Amino acid sequence: MASHQYQLLCLENPILDIISKKDGRALLEEYALDPNGFTMADDKHKSIYDKLLSDPNAVLTAGGAAQNTARGVQYILEPDSVVYFGCVGNDEYAEKLQEANKKVGLKVFYRVDEKEPTGRCGVVVTDHNRSLVTDLAAANCYKVEHLKEHWDVVENSKAYFVGGYHLTVCVPAVMALAEDAAKNNKPFALSLNAPFICQFFKDPLDQTAPYWDYIVGNETEAVAYAEAHSLDLKAPQEIVKHLANLPKKNTQRKRVAIITQGTEPTLVAVQGEDEVKSYPVHPIDKNKIEDTTGAGDAFAAGFFAGVAKGESLEKCVDMGQWLAALGIQEQGPGYPFPKQTY
Ligand code: ADP
Ligand code: MG
Ligand code: MG
């Protein structure tokens, strides 16, 4: 039995990002991609990965939204504070992911699928635009049985964070964590992750809603949520308040809803409270920005590291903005070394 206590358990889709600036425009055209789009790869997209990898300057980095967040939380907290679950293939890509996780000391329990390769996200860079083409592959093969096999780790974790992308993969695993959190009065956090989760995975998303102690997303996800639910709300201020006040299972905790808006202020609503708080972001020099991919994941990391430390909401937001500002100065979704402290 694992007796080690974790501050946070994260679950989602481990993915390797392959970032290339070579022939970006030609690739967008060939695969009919939006320069800032998000595409779930089907068979006609699968050849793009070899093309991206053929770029000698291609950068391979650990991705997967919640895995980025998990690394970020561990970056801030004491060693052995965070544990991450997901599914990878039995290949060198999984080893690459593990290298990045080891660098920050993130403990990982991967289910290893023997048939599918590790998930990949092709990132086609043109100017300041990034088109993402995701092939979940093994990441799509997570099974709730794996979580149950490691239930001692779940029991020994104080809080849970799930990436909304996992709602496309294994809802039973998400719900197992959600229900356990409510039963044991542990915080359960969900990140919306992408507008298409709100649009096309509305039912599983709604299934998790009563369990949210924290719900975090960006401005486009907030709007997608409102549209998918036919809410007559347009302003993010109204939507964040709506999210905070949806029915809640565990009444021992008030829900906190957080909406980030890029360089615009971060909005925070607390269940039952009238006021929506607004926090300006940490401004950074435009020419210092390397890559804003994963800004939201890094924000969530700083925020939930603050929650784990028992900080005030205001400080949690500030920690989120601090880590996001550091993260976007790195190539790919990563954090600076030598380590900076808040
Ligand atoms: P997402 O990556 O999900 O779209 P956002 O774009 O809202 O998330 O970014 C999340 C957070 O990252 C912001 O609240 C802010 O703190 C920080 N951030 C993002 N872009 C910038 C920027 N250009 N300058 C400074 N901070 C930024
Ligand atoms: Mg954004
Ligand atoms: Mg995001």
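Residues numbered from 1 in each chain as written. Chains lettered and ligands numbered in written order. Predicted model: local features only at pLDDT ≥ 70, side-chain atom pairs only at ≥ 80, totals over all residues. Heavy atoms only, no water.

## Re the sheet that holds strand β10 (residues 188-191)
The condition that has to hold: In this description, strands pair whenever DSSP reports at least two bridges between them. Counting from the N terminus, the helices are the DSSP runs of H or I reaching at least four residues and the strands are the DSSP runs of E reaching at least two. The angle between two axes is taken between their N-to-C directions and runs from 0 to 180 degrees, where each axis is a line fitted to C-alpha atoms and a helix contributes only its stretch in contact.
On the basis of which strands lie adjacent, the open sheet formed by 9 strands has the order β6-β5-β1-β9-β10-β11-β12-β13-β14 and mixed pairing. In this open sheet, the two edge strands, each paired with only one partner strand, are β6 (107-113) and β14 (277-279). Strand-to-strand twist in this sheet, taken as the mean axis angle between neighbours without regard to direction, amounts to 20°. For strand β1 (residues 8-11) and strand β9 (residues 160-163), the ladder comprises 3 bridges, and the chain directions are parallel.

## Details of the packing of helix α12 (residues 295-308) against helix α13 (residues 313-327)
Our working rule: For a crossing to be left-handed, the near helix must be turned anticlockwise from the far one by less than a right angle; the clockwise case is right-handed. Residues are treated as being in contact if the distance between any of their heavy atoms lies within 4.5 Å. All residues other than Ala, Val, Leu, Ile, Met, Phe, Trp, Tyr, Cys, Pro, Asp, Glu, Lys and Arg, Gly among them, are scored as polar; the first ten of these are nonpolar and the last four charged.
Relative to each other, α12 and α13 sit at 140°, their axes nearing to 7 Å. The handedness of the crossing between α12 and α13 comes out as right-handed. Residues A295, A298, F299, A301, G302, F303, A305, G306 and V307 of α12 form the contact with α13, whose own contacting residues are L313, C316, V317, M319, G320, Q321, L323 and A324. Among the residues forming the contact of α12 with α13, the class breakdown is 13 nonpolar, 4 polar and no charged.

## Examining the side chain of T266
The test is simple: Counting of polar contacts relies on pairs of N or O atoms within 3.5 Å, with two restrictions inside protein: one atom must be capable of donating a hydrogen and the other of accepting it, and residues adjacent in sequence are counted only when both atoms are side-chain atoms.
Secondary-structure assignment places T266 in strand β13 (residues 264-270). Of note is the side chain of T266, whose polar atom sits 2.7 Å from the side chain of Q321. Setting aside residues no more than four positions away along its own chain, T266 makes contact with I258, I259, T260, K277, S278, Y279, V281, F299, V317 and Q321.

## Considering the packing of aromatic side chains
Filter applied, for reference: Two rings from Phe, Tyr or Trp (for Trp, the six-membered ring) form a pair when their centres are within 6.5 Å of each other. A pair whose planes differ by under 30 degrees is stacked, one over 60 is edge-to-face, and the rest are tilted. Note on classification: 1.4 Å probe, protein chains only; a residue is buried when its accessible area is under 20% of the maximum for its type, exposed when over 50%, partly exposed between these limits.
Within this structure, the stated rule accounts for 14 aromatic pairs. Between Y75 and F337 the ring centres are 5.7 Å apart and the planes differ by 85°, which places this aromatic pair in the edge-to-face class. Here the residue Y75 occupies a position in helix α3 (residues 65-76), and F337 occupies one in the segment after α13, the gap between them amounting to 262 residues. Under the relative-accessibility criterion, Y75 is labelled buried at 2%. Aromatic rings pair up to connect F161, Y214, F299, F303 and F304 into one cluster.

## A word on the environment of R25
Mapping R25 onto the fold places it in helix α1 (residues 24-30). Separated by 317 residues in sequence, R25 and Y342 have C-alpha atoms that sit 39 Å apart. Look past the residues within four positions of R25 in its chain and what remains in contact with it is T126 and D127.

## Considerations on the nonpolar core
Selection rule: Here the nonpolar core consists of buried residues drawn from Ala, Val, Leu, Ile, Met, Phe, Trp, Tyr and Cys, with membership extended through side-chain atoms lying within 4.5 Å.
Among the nonpolar cores identified, the biggest contains 61 residues, and F85, Y142, L147, L177, F188, W212 and L243 are the most heavily contacted of them. Here this core takes 8 residues from helix α7 (residues 171-183), the largest share from any one element. Dropping the residues within four chain positions of it, Y142 is found in contact with L11, F85, G86, C87, R111, L147, H166, V169, C170 and A173. Among the nonpolar cores identified, the runner-up in size contains 45 residues, and Y84, Y93, L106 and A300 belong to it.

## Some points on the environment of N184
Positionally, N184 belongs in the loop between α7 and β10. Considered as a pair, N184 and Y93 are 91 residues apart in the sequence and their alpha carbons are 36 Å apart.

## Digging into the site of ligand 1
Using the following cut-off: We call a residue near a molecule or strand when any one of its heavy atoms sits within 4 Å of it. Values of accessible area rely on a 1.4 Å probe in the Shrake-Rupley scheme; residue burial ignores everything except the protein chains shown.
What surrounds ligand 1 is a group of 15 residues, the closest being N218, T260, G262, G296 and A324. One of the side-chain nitrogen or oxygen atoms of T260 is found 2.7 Å away from an oxygen atom of ligand 1. One nitrogen or oxygen atom from the side chain of T266 is found 3.3 Å from an oxygen atom belonging to ligand 1. Calculation on ligand 1 without its partners gives an accessible area of 550 Å², and the protein chains cover 84% of this total. Broken down by class, the residue content of the shell around ligand 1 amounts to 6 nonpolar, 9 polar and no charged.

## Notes on unusual backbone geometry
In this model, F337 is joined to P338 through a cis peptide bond whose omega is 0°. With respect to the helices and strands, P338 occurs in the segment after α13. Although it is not a glycine, N193 adopts a positive phi angle of roughly 75°. Here N193 lies in the loop between β10 and α8 (195-200). On the accessibility criterion, N193 (12% relative accessible area) is buried.

## Brief notes about the pattern of salt bridges
Our working definition: One speaks of a salt bridge when a side-chain nitrogen belonging to Lys or Arg is within 4 Å of a carboxyl oxygen belonging to Asp or Glu.
For the structure on display, the rule yields 13 salt bridges. Among the ionic pairs, D274 bridges to K241, the shortest N-O distance being 3.3 Å. One end of the pair, D274, is in the loop between β13 and β14; the other, K241, is in helix α11 (residues 236-244), with 33 residues separating them in the sequence. What makes D274 exposed here is its relative accessible area of 65%. Given the relative accessible area of 26%, K241 is considered partly exposed.

## Quick look at the confidence of the model for the chain
Note the following rule: The predictor attaches a confidence to each residue, and that confidence, scored 0 to 100, is pLDDT.
Per-residue confidence for the chain gives a mean pLDDT of 95, with 99% of residues at or over 70. The ipTM, which scores confidence in the relative placement of chains, is 0.97 for this predicted complex, and the corresponding pTM is 0.96.

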